[in-house]
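# Descriptive structure summary
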Amino acid sequence: MAVIDPRRMSRSRGRTAWQSPGHDLTTRQILTRRSLLAGGASLGAAAALPGGLAGGPAQAAATPAVPFGGAIQIEFIDKDPAYGPAFLDHCDLIMPQNELKFSMMRWTREEFTFEPADRLVEYALSHGKTSRGHCFVWWGATPEWLKAINDPAEVEAELLGHIHTVASRYRGKLQSWDVVNEVIANDPLTEGPLRDTHFMRTMGPRHIPLAFKATAEAHPEAMLVLNDYDLEYVGDRCDARRKVALQLVRQLQDNNIDIGAVGMQGHLYAELKIDVEGVGRFAEELKSLGVGLIISELDIIDRHIKGGAEEQDAAAMRSVSDLLDAVLPTNRPKAVITWGITDRYSWVPDVMPRTDGNPDRPLPLDRNYMPKGWYEMLRRRLAAA
Ligand code: XIL
């Protein structure tokens, strides 16, 4: 079949950086977080998070039609007393942004680092929130030691072993897992259909169904998600990316894998036009296959929007509203999750900063934790969906 035919793979494109337009996140930038995370890891279970971690049974939150969530980071929770409570005030779901990534849990082949993820998942559950897992297969979080292994059987054993240990540990605590993240080629028209990664070069396309099967075995109740970016805009490249996503979904289903949802990351480039019709058709096709949608990493990349806060927020309002127009009537998302909660802490200015000196405004709350108009609009629409 087209998607997982290894003969059609482009090889060794020589780029390890993030390949979406303007993205240039390197593995190195990701790894610089190690020291911060190690700090979190050194805190034992007794080190309670702000707001308490008594750890009683999770209270069932009164969940709205479409739950709203945020991705949280361990390094800010102790440092900024307003940070954790902002998630508690605004979110139905709180998920670790980085702490469940393969490379973040496996600094060495021998050890697992669980503490940062444990703390964040516990923080969510002990406050009556839900949580979800991100992610097993991702080119951007493949440990260096794993990339040094070239024997396909060995890579397979490490990948599946990792999934088994981690998915089992969080069984019953996470609602869903991003099993694979960004496996679609950046531009399937010229280099696809799948991204050239270490897993592709060693195991080939079968690493995708194998990762799904391993997750399902270790945590049968978890909703399994295929997560990817640039599925949202007008143009041939995004059309092609949506087609590959659908092909992958069908192939997984042909392999008797119960894929629950596609995650549309929703890192929205504010200057690009959302393809309301195209995304709507995509959402409908998924629905006809019995597959849901999650908007999984929403934020606004506004570096090409001229002007200040007013113009930036107006552009954000348009993008978010268009995306909701596409998905709410067709395949109501199972959750909408923003990639952070406050403009104080976001990956966007690290990777795609504005150059005019104005601060970026990617997230629902500003630097003073004040909600923006587009966030209020989003919440109203999710509540009414
Ligand atoms: C990013 C985090 O936001 C950063 O804190 C980290 O340094 C690198 O990863 N797509 C994804 C996410 O699926 O995992 C990425 O998160 C952002 C792009």
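What comes next concerns the included structure. (Residues numbered from 1 in each chain as written. Predicted model: local features only at pLDDT ≥ 70, side-chain atom pairs only at ≥ 80, totals over all residues. Heavy atoms only, no water.)

What follows concerns the overall build of the protein. Scanning the protein for helices and strands turns up 16 helices and nine strands. Going through the 385 residues of the protein one by one, you find that 59% of them count as buried. For the protein, long-range pairs separated by at least 24 residues make up 82% of all intrachain contacts whose partners lie at least 6 apart in sequence. (Helix = DSSP H or I, 4+ residues; strand = E, 2+ residues; numbered from the N terminus. Buried < 20%, exposed > 50% of the residue type's maximum accessible area, 1.4 Å probe, protein only. Contact = heavy atoms within 4.5 Å.)

This brings us to unusual backbone geometry. Excluding glycine, residues mostly have negative phi values, and the peptide bonds linking residues are mostly trans. Going from His134 to Cys135, the amide bond is cis rather than trans, its omega being 5 degrees. Assignment of secondary structure puts Cys135 in strand 3 (residues 133–138). Here Gly192 and Pro193 are connected by a cis peptide whose omega angle stands at 5 degrees. Here Pro193 is to be found in the loop between helix 9 (188–191) and helix 10 (198–202). One non-glycine residue with positive phi stands out, namely Asp230, at about 50 degrees. With respect to the secondary-structure elements, Asp230 resides in the loop between strand 5 (223–228) and helix 12 (236–254). One non-glycine residue, Asn256, lies in positive phi territory at about 60 degrees. Residue position: Asn256 is located in the loop between helix 12 and strand 6 (259–264).

This part takes up the pairing of strand 3. In terms of burial, strand 3 is largely enclosed, as six of its six residues are buried. In the sheet, strand 3 pairs with strand 4 (residues 176–181) via four bridges, with the strands oriented parallel. Paired with His134 across the strands is Asp178, a residue of strand 4. (Pairing = 2+ DSSP bridges.)

A few words on the packing of helix 12 against helix 13 (residues 276–288). A pair of packed helices is characterised by two quantities: the angle between their axes and the separation of those axes. Direction vectors running N to C along helix 12 and helix 13 enclose 0 degrees, while the axes themselves pass 11 Å from each other. Put simply, helix 12 runs roughly parallel to helix 13. Residue-level inspection shows Arg242, Ala245, Leu246, Val249 and Arg250 of helix 12 in contact with helix 13, the latter providing Gly278, Val279, Phe282, Glu285 and Leu286. Counted by class, the contact of helix 12 with helix 13 contains six nonpolar, one polar and three charged residues. (Axes fitted to C-alpha atoms, helices over the stretch in contact; angles between N-to-C directions. Parallel < 35°, antiparallel > 145°, perpendicular 65-115°, else oblique. Nonpolar A, V, L, I, M, F, W, Y, C, P; charged D, E, K, R; others polar.)

Its place among the elements puts Asp228 in strand 5. The class for Asp228 is buried, based on a relative accessible area of 0%. Each C-alpha atom, one on Asp228 and one on Asn181, is 5.7 Å from the other, the two residues being 47 residues apart in sequence. Not counting residues within four places of it along the chain, the set of residues in contact with Asp228 comprises Glu182, Val183, Ile184, Arg241, Gly263, Met264 and Gln265. A distance of 3.2 Å separates a polar side-chain atom of Asp228 from the backbone nitrogen of Val183. (Polar contact = N/O pair within 3.5 Å; in protein donor to acceptor, adjacent residues only side chain to side chain.)

On to helix 11 (residues 207–218), then. Relative to the 16 Å expected for twelve residues at 1.5 Å per residue, helix 11 spans 16 Å between its end C-alpha atoms, a close match to the ideal helical length. Among the residues of helix 11, those classed as buried are His207, Ile208, Pro209, Ala211, Phe212, Ala214, Thr215 and Ala218. (Expected span 1.5 Å × (residues − 1).)

Moving on, we come to the pattern of salt bridges. Under the counting rule described, the total for this entry stands at 22 salt bridges. Glu144 is the partner of Lys147 in a salt bridge, and the nearest nitrogen-oxygen pair spans 3.3 Å. Taken together, the residues span about one helical turn, with Lys147 and Glu144 both in helix 7 (residues 144–147) at a distance of three residues. Asp230 is the partner of Arg237 in a salt bridge, and the nearest nitrogen-oxygen pair spans 2.5 Å. In this structure, Arg237 and Asp230 share a single accessibility class: buried. Sharing partners across several salt bridges, the network here consists of Arg106, Arg109, Glu154 and Glu158. (Salt bridge = Lys/Arg side-chain N within 4 Å of Asp/Glu carboxyl O.)

In the contact formed by helix 13 and helix 14 (residues 309–327), the axes pass within 7 Å of each other and the chain directions differ by 40 degrees. The orientation of helix 13 with respect to helix 14, classified from their angle, is oblique. The way helix 13 lies across helix 14 gives a crossing that is right-handed. Contacts between helix 13 and helix 14 involve Val276, Val279 and Gly280 on the former and, on the latter, Asp322, Leu323, Asp325, Ala326 and Val327. (Left-handed = near helix turned anticlockwise from the far one by under 90°.)

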